[in-house]
Amino acid sequence: MEIRDAAYKTEDIMESHISKNFGQESFHERQIRDQTFCENFVIVADEIDSIKMTAAKLKESWGSTDLYQSKRTSLPTGQSRLASSGKSAMVGFHDDLNQIVDQLTGYPPTRKVIPIIGMGGIGKTTLAKNVYNDPRITEYFHIRAWASISQEYHEREVLLSLLNSMKQLSAEILQEEETGKLKECLYKSLYGRSYLVVMDDVWTPKAWDSLSNIFPDDRNGSRIMLTTRLLSVVDSLGSPHRMRFLNATESWNLLRREVFGEDSCPVGLEEAGKEISDNCKGLALSLVVIGGHLSKANGTKDHWEYVAQNVKLVVNATDENCLDILSLSYDYLPHYLKACFLYMGVFPEDDEIRVSKLIKLWAAEGFVKPVRDKTLEEVAKEYLGDLISRNLILISEKSSSGKVKTCSIHDLLRDFCIRKAQQEKFFHATVTDKDFRIFAEGRKYSRRLCIHPDIFHKELSNRDASNGNPSMGSLPPVRSILCSSSGSKIYESGDQNFFPLLRVLDLAKEKVVDFPIGEIKLVHSRYLAFSSDGKISIPKILPDFLWFLQTLIVDCKEVHLPEEIWRMPQLRHLLFGLCYFPCPARSPIDGENSVLGNLLTLSKVSSSSCTTEVFERVPNLNKLGILIERVVLTPFSIGNLVNLPQLETLKIEGEYIHDDVPINFNFPTNIKSLTLGGCRISWKHMANVGSMPNLEELKLKYDATVGPEWEPTEGEFCKLKFLLLDGIDLVRWRADETHFPGLERLILRGCSYLEEIPCGIGYIPTLEIIELDDASPLAVTSAKQMQEEQERLGNDSLQVHFHNTYYFSRLKRKEAEAAICGSNDNTLLLKSTKQFHTYLLYDQNKEIIPGVAPRLLEFLDRDDYPQLQCAAALAISKISILSDGINMLIDHGAVPIMVSLLSSPEDVLREQALEILGNFAHGSTKSRDLVLSYGVLTPLLELFNDKTKLSITRKAVKTLSKLCYGEPQPQFEQVKPALLSFARLIHTDNVSHACEALFHLTSGKGDIIQDVIDACVFPRLVELLVYSPDFVLIPALYTVGKIIQYVDDIQIQVIIDKGALPCLRNFLTGKYRKIVKLSTCWIIMLFIRRTNDYIQAVIDADIILPLLQLLQNDDFEIWWMAAWAIMFATEDGTNEQIKFLVREGCIKPMCGLQITPNPTDFIEYWLAGLENILKVGEAEKNQGNTEDVNVYAQMIDDAGGLQKIKNLQTHENSETCEIAMKLLETYW
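Let us look at the structure shown here. Computed from a predicted structure; not experimentally measured. (Residues numbered from 1 in each chain as written. Predicted model: local features only at pLDDT ≥ 70, side-chain atom pairs only at ≥ 80, totals over all residues. Heavy atoms only, no water.)

### Focus: a positive patch on the surface
Our working rule: For patch detection, residues must exceed 30% relative accessible area and be free of salt bridges, and they are connected within 9 Å for like charges or within 5 Å for nonpolar side chains (Val, Leu, Ile, Met, Phe, Trp, Tyr). Per-residue and other accessible areas follow the Shrake-Rupley method at a 1.4 Å probe size, with only the shown protein chains counted as cover for residues. When a carboxyl oxygen of Asp or Glu is within 4 Å of a side-chain nitrogen of Lys or Arg, the pair counts as a salt bridge. Two residue types count as positive, namely Lys and Arg, and two as negative, namely Asp and Glu; His and chain ends fall outside the count. Note on charges: their place is set at NZ of Lys, CZ of Arg, CG of Asp or CD of Glu. Numbering goes from the N terminus for both helices and strands, where a helix is a DSSP run of H or I of at least four residues and a strand is a run of E of at least two.
Among the surface-exposed residues, Lys381, Lys403, Lys623, Lys672, Lys719 and Lys721 lie close enough to one another that they form a single positively charged patch. Here Lys719 lies in the loop between strand S25 (709-710) and strand S26 (722-726).

Here it is as structure tokens:
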């Protein structure tokens, strides 16, 4: 304890000194701090010297005595652990008993070892005793022997125990000291006879290894049974029998028997009794201890209810031996695993802990030590595997690849961790108000705080009125804070430097408003996680405040990372809802680009950030998640992924499923797991996926593919083990065992159109499981036939599971509809309405009973029953998205009801009314106009105020924008009052829907567009072109294109002032879709037409060359729009600007344009542009700059322009003919 405290002090002094070095201090302040640091260090050094002297004296006094042998850590071997003491009554393990008896008495005749493995207290010894004393065993074996081994293996004691249980222990043998003679005696006693030897509570392989040779193998069916907590003990002995927890019925039966014996439980205690048994979580030890307490305690209902709420407290208070049993496992852990195990206590009770999070936290806390040629994460997974093999951590769920996905810990072990951690000052947990009284003391010393939010808020608000200091101001040693919710209270309550030495801050359980990531200085932080609404821009000072950060998790809609992220080389994991990752810039120091060599995980990142420059500088990236945003803006190329040689897990999702995602199939060869969703890839391209040499796991989710038929090619998917088809519209699947030769697990989920599973799939020798969830009846039938055929062929290992949620949901929904229409019982109506809403999600394509809609609308008037009102609103919202749902609701008068609900005091009613009205407006222009006719805009616009919830504001914006959609457009006077709201909204997080609405409004007449311009939206729309995500940029670009020709010169100047021209250039040169390039050319063309000052601005922004390159584009519309821009530039430009255009090479592409057939005005503008070029050439000739030659005329001739002009002499339009002839006469 003294050593630990001294180590803590040393760590605190050094890290505090480092932390303060990052602050702003005067020279005098730094002198004082350095002096204090030295003085404190001397004090700690003296303490360490004192501890060393004390340890030396103790060692001298102990002499050669082994410190660890001086104190036994195992339970004494007594009659309680001897099988000879009689058969223990057993509940719940009869199937286990029969399985083991069958193994002991069955084939083969050779000697066999049967291990039984499980956590402490689960019932291993009880099961072994019942097997040992079972009549079938006593009759089968000639000899039975039993020995309890325990942690400290003493060979002589074990041998004597075995001989004693065999009735072979004479006085002479008892005096024998040599183990060799004892072994010989035991061997002779067993030789030639069938025997059963039980070695109970084995802790090391050494125990078995030293005794295995004394058990003869006479091929007479002899058996050895081992019980252990540790998988490592029995690794080499074959597959063990794993003990399970008791289920609810077995738990109650065991508890009832322990309390009442063969008598029944009084009816008044049964409910509390079942709650007690449930809270024991299936652990036999807890049930037996609690049962012993209840059998002796006051048998009142109040006491039983108290026990039900305090099971762990009663268990630990009733029997100290219970904690001793658990502490044995802890004491036996190697030192590097003890901290990892105790850390399991920081998680909430019954929490399923994600392994990916757990190993990140272990690494951040410093529990995981570096191992050569292994990452910290790989070492941490080995630690986890060790703790699982010791039955201290439970596997909750495995991933599709068979790896542990989530884990948990039994309540009793968690309680042990909390108690031990608080003794060790390892962490302090405040779980309920009962902990409040001990929180103030425990928090002062603990290195980590696991805090219930209410307790934390209570502590932080407890301030000393005299000095204003918060009561938690004395917490500098704290290294970790993990909050189950309301994490914002940590920094909202005072000084943001409460915890200067913090390494872990986990606030990810609940949304945090305005987390001050750029304000709190956490120099030592390794792990930071929080959730937030909206979007976040990480400040540039991030490296200065979070230099050692390894893991950053921000769960929010959108995160913009600064370029300075490349100055954080310790980063290992970056996890976001969606992030925009900046391209690295060259360092001003060494001219080299920064590299994040430790970064292993990046998810989700915008497809626009997936550039070669980014990927080249994360060479060790192992996991990558990509969100492909609105592909009409930015096509996505997988080709850049070849720069990630270590990538093994890749997930690509398309944000808008109505567009095909153009994917260049060039995956890194190391990828083992691939998930695609929303990409709408043609099945023919799956051959590229199938050729991936190391692919083991493939998940195709909603709209990942498009097309009715998939026929893979033989030799594809050679290493694929797991295949998921989720929500895929596949109809015909033609495949057999040659296409997926190593497949182990096939899952079909929501594949409602699939005609059958290919019968050849059943012949894949490695296939173990087929799961069908909401599959088509034909697919279900084919799966059953496949299983039956395999069983006929002797393959019983193939499992087929069915989960027909769809049909179950349809049945339940029909029951709910009947109750809604026919019942007047409030409780039943509420239950049925909720049930109807829930199951309608799974059965949206079926007809609804006619009486349901009007009945639900009636429920909205039930002000006396707000729960029913809210449930009805949710159900109506779901009806409104059905194909016939809108007309059904409108016919029953839903529109005025929904408009009135916009003024309801209930948030749920307002929110659902907005959703429903938005669906009406989106359904058709007729229903849209009907909604507008009921004066919806007045209550709708009133929702835009500071008091309205953010979720309601967002829905209101979405609904308002839908009211502006459609052809024909709504009457402008009806929607005009919304203009000022849109003008405000484009400055908020709701900008995307506001931009879309403005785009639709500007599709109207010029006077309407002028009203939009008068609302002062143009400057903000231009600003959005500079730096916005795709879903904002697209409508902003469209809207600017719509109104640019109507704005005055003052507003047009905004395009220059806001720096939009370079962005427009990027749209022309980047890999953007056709519509983006068209809109950009249109904007530039109208910009150029203004004056030659704007032409010069376009020249200065380097836009001319990209425009000229577009003149050679194969797409007619693109080169047509680019041609107009160039022609206006040549027609209206100054001599110097035209010379620049010529130097950029404008003549050749202009002369290369396809002139006919084209409208006359296009041809005439083309001729006017060439004429201006020729005029400038003539001026250059007259000034003597070109040796009396019009060089530009010669260039036009060389480029084929002269011949095209000559051809126009016979054009059908006489004016065109005259212009052409005039040019020829003047310049040729």
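### Observations concerning the environment of Leu326
Counted only if it meets this: Pairs of residues are marked as contacts when any of their non-hydrogen atoms sit within 4.5 Å.
Among the structural elements, Leu326 can be located in helix H16 (residues 320-331). Sequence separation of Leu326 and Phe416 is 90 residues, and the distance between their C-alpha atoms is 7.6 Å. Residue contacts for Leu326: discarding those within four places in its chain leaves Met119, Gly120, Leu412 and Leu413.

### Observations regarding the packing of H16 against helix H20 (residues 411-423)
The following threshold applies: Each axis is a line fitted through C-alpha atoms, and for a helix only the stretch in contact is used; angles between axes span 0 to 180 degrees, taken between their N-to-C directions. Small angles under 35 degrees read as roughly parallel and large ones over 145 as roughly antiparallel, with 65 to 115 read as roughly perpendicular and the rest as oblique. Each residue is assigned to one class: nonpolar for Ala, Val, Leu, Ile, Met, Phe, Trp, Tyr, Cys and Pro, charged for Asp, Glu, Lys and Arg, and polar for all the others, Gly among them.
Contact geometry of H16 with H20 gives a least axis separation of 11 Å together with a crossing angle of 80 degrees. Judged by the inter-axis angle, H16 sits roughly perpendicular to H20. Counting all contacts with H16, which are made through Cys322, Leu323, Leu326, Ser327 and Tyr330, the residues of H20 involved are Leu412, Leu413, Phe416 and Lys420. Its residues assigned to classes, the contact of H16 with H20 comprises seven nonpolar, one polar and one charged.

### As for empty space enclosed by the protein
Short version of the rule: Lining residues are defined by having an atom within 4 Å of a point belonging to a cavity or pocket. Those points lie on a 1 Å grid over the protein atoms alone, cavities being sets where a 1.4 Å probe fits but cannot get out and pockets being open sets with protein on both sides within 12 Å along at least five of seven lines. Grid points are joined across faces, edges and corners, and a volume is the space filled by probe spheres set on the points.
Tallied over the full model, the rule gives five cavities of 30 Å³ or more. In this structure, the second largest cavity occupies an estimated 90 Å³ of space. Along the walls of the second largest cavity sit 10 residues, with Lys535, Lys557, Glu558, Asp989 and Phe1031 positioned nearest its centre. Classifying every residue of the lining of the second largest cavity gives four nonpolar, one polar and five charged.

### Quick word on the sheet that holds strand S4 (residues 223-228)
Heads up, the rule is: Two strands pair under a simple rule: DSSP has to find at least two bridges between them.
Spatial strand order, S2-S3-S4-S1-S5: five strands in an open sheet with parallel pairing. The open sheet terminates on both sides in strands that have one partner only, identified here as strand S2 (143-150) and strand S5 (241-242).

### Description of helix H55 (residues 1214-1227)
Defined as follows: Expected helix span is computed as 1.5 Å times (number of residues minus one). Each residue is assigned to one of three classes by its accessible area relative to the maximum for its type, calculated with a 1.4 Å probe on protein chains only: buried under 20%, partly exposed between the two thresholds, exposed over 50%. Read the arc as the range of directions from the helix axis to the C-beta atoms.
The terminal C-alpha atoms of H55, which comprises 14 residues, lie 20 Å apart, in line with the 20 Å expected from a rise of 1.5 Å per residue. Taken together, the buried positions of H55 are Thr1216, Cys1217, Ala1220, Leu1223, Leu1224 and Tyr1227. Seen from one end, H55 has its buried residues packed into an arc of 130 degrees, which puts them on one side. Exposed side chains of H55 directed beyond 90 degrees from the buried face belong to Glu1215, Glu1218, Lys1222 and Glu1225. Where H55 is buried, its residues meet helix H52 (1160-1182), helix H53 (1191-1198) and helix H54 (1201-1207).

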